[in-house]
Amino acid sequence: TLEYIRPAMTTLPDGRVFMVYLQNGKGRSNANESQLVYSIRSTNGAWSKPVVVDPDNQTAETSPSILCVGNKVYIAWSYANKALTGSNEVEAVKDELQSMDIKLCVFDAENDSLSQVKIVCSDQFMDNYVRMNEEGESIAIYYLKEDGGKVLFDRDIFVRAKIFFNTPLIGTVMKGIELE
């Protein structure tokens, strides 16, 4: 059972409430049980059945962040790029933490659909604690990059990935992102 569900909510332009949170993924091992879902509260107060954000992923997901811009809700989160074992051995824990990377997708409130999930960052570091902010005509995604528990200071602590509103969404520090 998950100890923390890490909910994040925003109000959609039509008055509904959009929420992401972590649930126990069915059929997953304890180390990989956290699964990101979303639910929408209608204007009459009823919540929809939870929908899995990335149904192809079977590894741990955590640290969701959302940002509503117009009819779009940007969803970013950290995920393990490989199955976690739950080992308590120091080297195994370090290896598993370094498998944490960042994904992103967009919920379109006009037709209640999710874009394809894209990888924002995939590297040998632990990428976690995702946050987003609107900056002029773009969105900045911030996340903490750690190496075995040591925060990297050779760059900004938080790495910023910029996404532009009125073009195919492209550009990050690590690689290009294109969303539908």
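Use the structure listed above.
Residues numbered from 1 in each chain as written. Predicted model: local features only at pLDDT ≥ 70, side-chain atom pairs only at ≥ 80, totals over all residues. Heavy atoms only, no water.

### Side note on the pattern of salt bridges
Where charged atoms from two side chains of opposite charge approach closely, those side chains can pair.
Item 1. Summed over all chains, the structure comprises four salt bridges.
Item 2. Taking the shortest distance from any N to any O, the salt bridge between aspartate 14 and arginine 16 comes out at 2.8 Å.
Item 3. Judged by its relative accessible area of 43%, aspartate 14 is partly exposed.
Item 4. A residue is classified by how much of its surface remains accessible, and arginine 16, at 14% relative accessible area, is buried.
Item 5. A salt bridge links aspartate 112 to arginine 16; the nearest nitrogen and oxygen atoms lie 2.9 Å apart. (Salt bridge = Lys/Arg side-chain N within 4 Å of Asp/Glu carboxyl O. Buried < 20%, exposed > 50% of the residue type's maximum accessible area, 1.4 Å probe, protein only.)

### Things to note about the environment of proline 64
Item 1. Tracing the sequence through the fold places proline 64 in strand β5 (residues 61–69).
Item 2. The exposure class of proline 64 is buried, given its relative accessible area of 8%.
Item 3. Once the C-alpha coordinates of proline 64 and tryptophan 77 are considered, the two residues, 13 residues apart in sequence, prove to be 4.3 Å apart.
Item 4. Beyond its immediate sequence surroundings of up to four residues, proline 64 is in contact with Arg6, Ala8, Val20, Leu36, Ala76, Trp77 and Arg131. (Helix = DSSP H or I, 4+ residues; strand = E, 2+ residues; numbered from the N terminus. Contact = heavy atoms within 4.5 Å.)

### Considering the environment of cysteine 68
Item 1. If you trace the backbone, cysteine 68 turns up in strand β5.
Item 2. Leaving out residues up to four positions away in the same chain, cysteine 68 has contacts with Thr10, Thr11, Leu12, Pro13 and Val73.

### Considering the packing of aromatic side chains
Item 1. Counted according to the given criterion, the structure contains three aromatic pairs.
Item 2. Judged by centre distance (5.3 Å) and plane angle (55°), the rings of tyrosine 38 and phenylalanine 107 are tilted. Here the residue tyrosine 38 occupies a position in strand β3 (residues 34–41), and phenylalanine 107 occupies one in strand β7 (residues 100–108), the gap between them amounting to 69 residues. When sorted by exposure, tyrosine 38 lands in the same class as phenylalanine 107, which is buried.
Item 3. Connected via pairs of aromatic rings, a cluster forms that spans Phe18, Tyr38 and Phe107.
Item 4. Lying across the ring of tyrosine 79, lysine 103 places its NZ or CZ 4.2 Å from the centre. (Phe/Tyr/Trp six-rings, centres within 6.5 Å; stacked < 30°, edge-to-face > 60°. Lys NZ or Arg CZ within 6 Å of the ring centre and 35° of its normal.)

### Describing the nonpolar core
Item 1. By size, the foremost hydrophobic cluster in this structure holds 17 residues, and its most contacted members are Phe18, Val20, Ile75 and Phe107.
Item 2. Elements that contribute at least two residues to this core include exactly β2 (17–24), β3, β6 (72–80) and β7.
Item 3. Looking at which element gives the most residues to this core, the answer is β6, with four residues.
Item 4. Those residues in contact with isoleucine 75 that lie beyond four places of it in its chain are Phe18, Val20, Leu36, Ser65, Ile66, Lys103, Leu104, Cys105, Phe107, Leu114 and Met132.
Item 5. Ranked by size, the runner-up nonpolar core spans 14 residues in total, among them Val69, Leu104, Met132 and Ile141. (Core = buried A, V, L, I, M, F, W, Y, C linked by side-chain atoms within 4.5 Å.)

### Thoughts on unusual backbone geometry
Item 1. If you check the backbone angles, aspartate 112 has positive phi at about 50° while not being a glycine.
Item 2. Mapped onto the fold, aspartate 112 is located in the loop between β7 and β8 (113–114).
Item 3. Its relative accessible area of 37% is what places aspartate 112 among the partly exposed residues.
Item 4. Even without a glycine there, the phi angle at tyrosine 129 is positive, about 55°.
Item 5. Relative to the assigned elements, tyrosine 129 resides in strand β10 (residues 126–135).
Item 6. Accessibility expressed as a relative area gives 40% for tyrosine 129, which makes it partly exposed.

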